[in-house]
Amino acid sequence: MAAAIKTKYTKSQIINEIAENTELSRRSVGNVLDELTLLIERHIKKRGCGEFVIPGLLKIVTKKKPAQKARKDVPNPFNPGELIDVPAKPASVQVKVRALKKLKDFAES
């Protein structure tokens, strides 16, 4: 079982740790992380499939939210009896990251 790390790592510290443990050069590890970033971007961008999975760890999913029309005289949920106007919202894309089983198990142990 791996020991817990008490402080948050920076990108440089992450690259150094992976380089030491895998006997790869820092440059190679940095290139792998950069390529992973590009790979995720290509999956979730506008005409991509909208989903990326790192097996066992996490799943990144995009969801399209349609535009909402403006509404007038809507009851205010915070001040009963008062009416408010709700402005229109443009269509958007929501990105969700879900933890998978292995990642959840890491948090429990």
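A quick note: this is a predicted structure, and the numbers were derived from the prediction, not measured. (Residues numbered from 1 in each chain as written. Predicted model: local features only at pLDDT ≥ 70, side-chain atom pairs only at ≥ 80, totals over all residues. Heavy atoms only, no water.)

**A few points about helix H2 (residues 26–44)**
Across its 19 residues, H2 extends 27 Å between first and last C-alpha, which sits within 8% of the 27 Å expected from 1.5 Å per residue. Regarding H2, the residues found buried are Val29, Gly30 and Ile40. What you see down the axis of H2 is that its buried residues fit within an arc of 105°, all on one side. Seen from the buried face of H2, the exposed residues on the opposite side, beyond 90 degrees, are Arg27, Val32 and Arg42. Where H2 is buried, its residues contact helix H1 (11–22), strand E1 (51–54) and strand E2 (58–65). (Helix = DSSP H or I, 4+ residues; strand = E, 2+ residues; numbered from the N terminus. Expected span 1.5 Å × (residues − 1). Buried < 20%, exposed > 50% of the residue type's maximum accessible area, 1.4 Å probe, protein only. Arc of directions from axis to C-beta. Contact = heavy atoms within 4.5 Å.)

**Description of the pattern of salt bridges**
Per the counting criterion, the structure on display carries three salt bridges. Ionic pairing is found between aspartate 34 and lysine 11, a salt bridge with its closest N-O pair at 3.7 Å. Of this pair, aspartate 34 sits in helix H2 while lysine 11 sits in helix H1; the two residues are 23 residues apart in sequence, bridging distant segments of the chain. Note on lysine 11: relative accessible area 52%, which makes it exposed. (Salt bridge = Lys/Arg side-chain N within 4 Å of Asp/Glu carboxyl O.)

**Section: the side chain of asparagine 76**
Structurally, asparagine 76 can be placed in the loop between strand E3 (71–75) and strand E4 (83–86). With near-sequence residues (within four places) excluded, asparagine 76 lies in contact with Glu82 and Ile84.

**Some remarks on the pairing of E2**
Of the pairings in the sheet, the one linking E1 to E2 comprises four bridges and is antiparallel in character. Within the sheet, the bridge partner assigned to valine 53 lies in E2 and is lysine 59. Here eight bridges tie E2 to strand E5 (residues 92–99), and the two strands are oriented antiparallel to one another. Note that in E5 the partner of lysine 63 across the bridge is glutamine 94. (Pairing = 2+ DSSP bridges.)

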